[in-house]
Structure formats: structure tokens, C-alpha cells
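Structural characterization, general
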Amino acid sequence: MLQFKKSESTSLKSSATGSSGRKVSSGSHTTEKISTQKRKTLSASPTTSDSVVKPRPRPSDRLNPKTIDPFGVQSRAPSAFAAIYSKGGIPCRLVHGSVKHKLQWDCHPETLQFDPLLITLAEGLKETRHPYTFVSKEGFRELLLVEDAAQKAIPLLPRLVPVLKVALSHSDGEVFERGLNALVQLSAVVGPSLNGHLKHLLSSLSKRHMSKRFKEQTTDALQKLEQHGGKILPSCPKDQSFIWI
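Computed from a predicted structure; not experimentally measured.

**Overview of the environment of D172**
- Relative to the assigned elements, D172 resides in the loop between α6 (157-168) and α7 (173-190).
- Residue D172 is classed as partly exposed on the basis of its relative accessible area, which comes to 28%.
- On a C-alpha basis, the gap between D172 and K126 in space is 8.5 Å, while along the polypeptide they are 46 residues apart.
- Excluding its chain neighbours within four sequence positions, the residues that come into contact with D172 are T128 and R208.

Printed below as a string of C-alpha cells:
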């Protein structure tokens with residue numbers, strides 16, 4: 001009887017040991033399968049730098065000089081007027097006021113030579129960025145206010161009028177307005193001496209005169225030109241061109 005019990009217990013132990021052995025072996029097979037799958041996944045995943053997601057550029061990066069493309073639009077060469085102004089070629093500086101800006105001249109404008117300063121300021125009328133727009137417009141106006149402005153400006157008309165024509169022909173409306181105001185200011189100073197040069201400018205004025213936006217301004221400017229030097233009449237209603245008589 002005792003022998004039967006012992007053999008029975010022995011068989012139970014052996015069966016238990018066998019089942020646990022099968023469990024251990026099945027568990028080891030599962031672990032090996034998972035590790036094999038992980039290795040395949042890692043080997044299949046791309047490791048090249050092309051697959052790395054690059055961070056998107058931040059808006060503030062445009063303000064950092066290190067991130068600006070040296071061949072981009074931001075690094076374009078400055079205009080001739082901007083280069084002259086940055087080098088101190090124009091003897092004045094911009095003073096920022098709480099209400100409006102003004103120019104402070106290094107010396108009195110009456111002591112300045114108009115050649116080439118007046119022409120340089122006229123070239124700056126086609127600028128579209130601050131402070132060049134204000135410096136050119138206000139500098140041109142103030143320079144023509146000096147006592148002997150007519151004597152200094154009349155010899156420069158052959159070189160000055162083509163520069164004004166560039167501003168009057170510009171596609172930017174604000175540039176045209178600055179050129180138109182400068183033309184009226186110049187005509188008030190030189191008077192009839194401008195008559196022989198107006199034929200080069202009237203074509204640009206006639207095109208803007210056909211625009212509703214600038215019709216009133218050009219009409220007013222033509223009336224002032226008539227007061228200062230002569231009379232302008234329409235030569236042909238179709239193209240709205242003008243002649244100087």
C-alpha cells in the first residue's frame with residue numbers, strides 16, 4: 001500500500017515537472033519570437049538622415065541673421081541712393097519726432113552745392129522704403145527753398161528732368177505722387193526755364209491723368225505748371241496728351 005502511494009506521488013511529480021518544463025520551453029519560444037520580431041523591425045526601420053523629420057522654421061528665425069539666405073531677396077544690394085545715404089553722402093539726418101519727422105542738416109542748405117545733391121535727392125524719389133522715401137522727398141523740397149535755388153537749379157535741368165521722369169513713370173502710386181510734387185516744386189522755383197523740358201514729362205502725366213485715382217492730382221499739377229511757366233492744352237481728346245504753348 002505504501003509503495004503504491006509512493007509510486008503515485010512520484011508519477012504526479014514527474015507529470016508536474018513535465019508540464020512545467022513544457023511551459024518553460026513554450027515561454028522561451030515566445031520570448032525568442034518577440035526578440036526576433038524586434039530585430040526585424042529595427043533592421044527594417046530606415047536610419048538614413050533623409051527619414052529624420054526636420055523641425056519647421058520658426059517665424060523668429062527670419063530675424064536671426066544666421067538663418068537668412070545670403071542669396072535670397074533679403075540680401076539684395078542696396079540702391080544707389082541708399083548706398084550714398086548710408087555713407088553720409090547726403091548732409092542731413094532724419095530726426096524722429098512724436099508727431100512728425102524732420103531733417104536736420106549738417107550745415108545750412110544755402111551753403112550746399114546743388115550739383116550733385118539735388119539730382120541725388122531726385123533719384124531717391126523712386127525709393128519705396130523708409131527712411132529713404134522721407135529723406136529724398138523732404139530734402140528735395142527744403143533744398144529748393146534756399147534763396148538762390150533758381151540760379152543753382154536751372155543749370156541742372158537737363159540732368160534733373162530725366163530723373164523726375166523715372167519717378168513719374170514708376171508703377172508705384174506713391175512714387176508717382178512724390179515725383180509729381182517735386183515737379184511742381186521745381187517749376188515754382190525755375191519758372192519758364194522748365195518749359196523746354198516738359199515735353200519729356202507730359203506723356204507720363206497724360207497716362208496718369210486718365211486714371212481716376214490720379215486725375216485730380218494731375219489736373220491740379222498741370223494748373224500750377226501753367227501758372228509758373230505757360231499754358232497746357234489738350235492736343236487730342238482721344239489720348240489725352242498735352243502740349244505746351
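Resuming the write-up.
**Section: helix α9 (residues 215-229)**
- If you check α9, its first and last C-alpha atoms are 21 Å apart, about what 15 residues at 1.5 Å a residue would give, namely 21 Å.
- When α9 is considered as a whole, its buried residues turn out to be T218, A221, L222 and L225. In a view along the axis of α9, the buried residues occupy a sector of 100 degrees, so they form one face of it. Turned more than 90 degrees away from the buried face of α9, the exposed residues are E216 and Q227.

**Regarding the packing of helix α3 (residues 114-123) against α6**
- At their nearest, the axes of α3 and α6 sit 9 Å apart, and the two run at 10 degrees to each other. One element, α3, and the other, α6, form an angle in the roughly parallel class. Where α3 abuts α6, its residues D115, L118, I119, A122 and E123 lie against R159, L160, V163 and L164.
- In terms of residue class, the contact of α3 with α6 is made up of six nonpolar, no polar and three charged.

**Examining the pattern of salt bridges**
- A complete count under the given rule lists four salt bridges for this structure.
- Between E138 and R141 there is a salt bridge; the shortest N-O distance is 2.5 Å. Of this pair, E138 and R141 both sit in helix α4 (residues 132-143), three residues apart, roughly one helical turn.
- For E138, a relative accessible area of 13% puts it in the buried group.

**Quick look at the packing of aromatic side chains**
- Here the structure, examined in full by the defined rule, presents three aromatic pairs.
- Ring geometry for F81 and Y132: centres 6.3 Å apart, planes at 85 degrees, overall edge-to-face. Linking F81 in helix α2 (residues 80-86) with Y132 in helix α4, this pair joins segments that are 51 residues apart in sequence.
- Accessibility expressed as a relative area gives 2% for F81, which makes it buried.
- Judged by its relative accessible area of 16%, Y132 is buried.
- An angle of 85 degrees between the planes, with centres 5.9 Å apart, marks the rings of Y85 and Y132 as edge-to-face. Here Y85, found in helix α2, pairs with Y132, found in helix α4; they are 47 residues apart in sequence, far enough to count as distant. For the pair shown, Y85 and Y132 are each scored as buried.
- In this structure, R208 is placed above the aromatic ring of F176, and the distance from its NZ or CZ to the ring centre is 4.7 Å.

**Description of the pairing of strand β2 (residues 102-105)**
- The alternating pattern of β2 places L103 and W105 on a buried face, while none of K102 and Q104, on the opposite face, is buried.
- In the sheet, strand β1 (residues 92-95) pairs with β2 via four bridges, with the strands oriented antiparallel. Bridging from a neighbouring strand, R93 pairs with Q104 of β2.
- Here β1 folds back onto β2, and the loop between the two strands holds six residues.

Each value, and the rule that gives it
Residues numbered from 1 in each chain as written. Predicted model: local features only at pLDDT ≥ 70, side-chain atom pairs only at ≥ 80, totals over all residues. Heavy atoms only, no water. Helix = DSSP H or I, 4+ residues; strand = E, 2+ residues; numbered from the N terminus. Buried < 20%, exposed > 50% of the residue type's maximum accessible area, 1.4 Å probe, protein only. Contact = heavy atoms within 4.5 Å. Expected span 1.5 Å × (residues − 1). Arc of directions from axis to C-beta. Axes fitted to C-alpha atoms, helices over the stretch in contact; angles between N-to-C directions. Parallel < 35°, antiparallel > 145°, perpendicular 65-115°, else oblique. Nonpolar A, V, L, I, M, F, W, Y, C, P; charged D, E, K, R; others polar. Salt bridge = Lys/Arg side-chain N within 4 Å of Asp/Glu carboxyl O. Phe/Tyr/Trp six-rings, centres within 6.5 Å; stacked < 30°, edge-to-face > 60°. Lys NZ or Arg CZ within 6 Å of the ring centre and 35° of its normal. Pairing = 2+ DSSP bridges.

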